[in-house]
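Topology and contacts: notes
Each chain is listed here by its residues.
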Amino acid sequence: MAEIGLISLPGEVIAHIAQFLSLKDLLACSATCSYLRSVLNDNLIWKRHYRRSIVNYVSMAKPFVKPEFEYHPELESLEPLCTERVNLLRQNHLLSNWREGKCVSHNVHTQGNGLFLENNDRQIIYGNVYLFLHVLNTNEITIWNIEEIPYFYTSVVFSLYEYNMEDEDWTDIVRVYYQIVEDKLVVIQGNLVQIFGIYLPEKAFPLEYLISVDRDQVVSDFAETLYTDCYNWIVGHLLFSRLCYLPVVHVWDIRTGDKKKALRAPAVGWDLYVISLDDAADVVFSLRTDDPFAMGPEDYAKITNHISCYNVAKDEYTTIFPSLAGCKPVNALHYRDFIILFCIDNMFIFKCSIYVFDRRTSSTVAQATFPDLVGLYKSRVIEDKLVLATQSSVEILNVKTLEAVTSLKIDDVIDIDYLPVFNSTFIITSSVKSDIEVWDIDKNQVLLKLPLQSFVFLNESCSKLVLISGQSLVVKNFW
């Protein structure tokens, strides 16, 4: 009787099975024998294991790091690898450069301009090579070409609005927030939003939409009242805005300049705000339902919250917690059918609670309390692991049970961020006593040390790491 096994199956059956294998298993099978290598040498099998936008860019970009990627099919003793598998090798070469710390740095001075950035977690690089930087206290965003040695390329001028203080004879410039969303540059000051089209390399930035967030449609000019007490959240291509402490959030489509709706709170309350930024289809909201006059500003023990998930397409809320008391919800993450909720229990000692909510069963499946969490807004799920930081370590937890998987000892951690290089487990940590460090938490090793007080940004192809510190601009090229 013929032996029954994988290699006894028809090639088309093996190729179909391969569609469901992980990359690790697929590589193992391909290395088993020449027959499986040949059967699995199929573009349809390999194309889902790499990011095409990354490979398309690095295939055309100038390589800085030696040795460069090379594949010579004429040297193969077996059938040459299919195109999509070679593309995977090209992406893996870039990832290897990251893991080995291989990069070429370019450092320039930003012409004496004071640059202002609030945080790392936004997109300010367009088309992999155009870096947008706001010059502090001006109405100018400078654009730098970082393809090779960075240089000033052009700039965008926007309307800068001042806030007139009541009963005072002085004005103040409202802080500017800006972000790139697809092919749009969004500039926000309080409740006033300017949306520019981006046409590069042509250096054209037409103003496409003027928005006063509580209006029903775009406005022709900004003869509007400027409200500084306005919270704005960009989730995907949508802008969510809330004026003052009203239980209404205004939803705008950045791509079209259309107002989707004025979204009212799902229950009786006084402060509706967005706490999730990772899923534009389902957005998590928190609504204060307590008496705002019955407590001090940090008296979290008396806070009561209604937590819900809003489905944008269906225009409906799903309640997660009808009454969550004694904490302030500050962040939420989506993971498959779960929502992970982060709450501050005590502001002064950073005592925090984490809840894992199963949307299939409408129940809380895990809960844990940590006495000293930091960087709550930067916590991430990476390869089925929840990564978060305490003041003395980085903790890696099982995302469904919140049980500890492993821990990295890092003293005096003050912040954490995720570095989305493919599906890697790279994080950025900031501490009081040491430089900013880029860690590979899977291998428990430091990949890079960066200067303190740097803002760190990654281009879409993961080939350039941009560091901004004061008037210094550093671009680390990993390709």
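Residues numbered from 1 in each chain as written. Predicted model: local features only at pLDDT ≥ 70, side-chain atom pairs only at ≥ 80, totals over all residues. Heavy atoms only, no water.

Describing the overall build of the chain
So the rule is basically this: Secondary structure is summarised from DSSP: a helix means a run of H or I of at least four residues, a strand means a run of E of at least two, and numbering begins at the N terminus for each. We compute the radius of gyration from the C-alpha atoms alone; for a globule the expected value is 2.2 Å times N to the 0.38, where N is the number of residues. Any residue under 20% of the maximum accessible area for its type is buried, any over 50% is exposed, and the rest in between are partly exposed; the area is computed with a 1.4 Å probe on protein chains only. Contacts between residues were defined by any pair of non-hydrogen atoms, one from each residue, lying within 4.5 Å. Working definition of accessibility: Shrake-Rupley area with a 1.4 Å probe, residue cover restricted to the visible protein chains.
The secondary structure content of the chain amounts to 6 helices and 35 strands. For a compact globule of 479 residues, the expected C-alpha radius of gyration is about 23 Å, and the chain comes in at 25 Å, within 12% of that figure. Taking the principal axes of the C-alpha coordinates as reference, the chain spans close to 90 × 55 × 45 Å. A burial count over the chain gives 50% of its 479 residues as buried. Look at the contacts in the chain between residues 6 or more apart in sequence, and 46% of them connect residues 24 or more apart. When the accessible surface of the chain is totalled, it reaches about 22,700 Å², and 50% of it is carbon and sulfur.

Some thoughts on unusual backbone geometry
Of the consecutive residues K66 and P67, the connecting peptide bond is found in the cis state with omega at -5°. By the secondary structure assignment, P67 is in the loop between α5 (52–60) and α6 (83–99). Between L200 and the following residue, P201, the backbone shows a cis peptide bond with an omega angle of 15°. By the element assignment, P201 lies in the loop between β10 (192–197) and β11 (207–212). Not every positive phi belongs to a glycine, and N128 is a case in point at roughly 75°. With respect to the helices and strands, N128 occurs in the loop between β2 (125–126) and β3 (130–134). Looking at N128, the relative accessible area reads 9%, which means it is buried. The residue C244 is not glycine, and still its phi comes out positive at about 50°.

Let's talk about the side chain of S241
Using the following cut-off: Two N or O atoms count as a polar contact when they lie within 3.5 Å, although within protein this holds only if one can serve as hydrogen donor and the other as acceptor, and sequence-adjacent residues are included solely when both atoms are side-chain atoms.
Here S241 shows up in strand β13 (residues 238–243). Residue class for S241 comes out buried when judged on its relative accessible area of 0%. A distance of 2.6 Å separates a polar atom in the side chain of S241 from a polar atom in the side chain of N232. In this structure S241 touches V213, C230, Y231, N232, W233, V248, V249 and H250, once residues within four positions along its chain are discounted.

Here we look at the environment of S38
Mapped onto the secondary structure, S38 falls in helix α3 (residues 34–39). Residue S38 is classed as partly exposed on the basis of its relative accessible area, which comes to 37%. Separated by 44 residues in the primary sequence, S38 and C82 place their C-alpha atoms 9.8 Å from one another.

Overview of the sheet that holds strand β12 (residues 230–235)
Heads up, the condition is: Any two strands between which DSSP finds at least two bridges are classified as paired. Axis lines are fitted to C-alpha atoms, over the contacting stretch for helices. Their N-to-C directions set the angle, which ranges from 0 to 180 degrees.
Taking strand neighbours across the sheet as the criterion, the 4 strands line up as β12-β13-β14-β15 in an open arrangement whose pairing is antiparallel. Looking at the sheet topology across the chains shown, the edges are occupied by β12 and β15 (258–264). The mean inter-strand angle of the sheet, taken between neighbouring strand axes irrespective of direction, is 20°. In this structure, strand β14 (residues 248–253) lies alongside β15, joined through 6 bridges in antiparallel fashion.

Digging into the environment of V251
Relative to the helices and strands, V251 resides in strand β14. Distance from V251 to V312, taken between C-alpha atoms, is 9.8 Å for residues 61 residues apart in sequence. Apart from residues lying up to four places away in sequence, V251 is in contact with L238, L239, F240, D258, K259, K260, K261 and L263.

Fair warning: the whole summary comes from geometry, so function is off the table for now.
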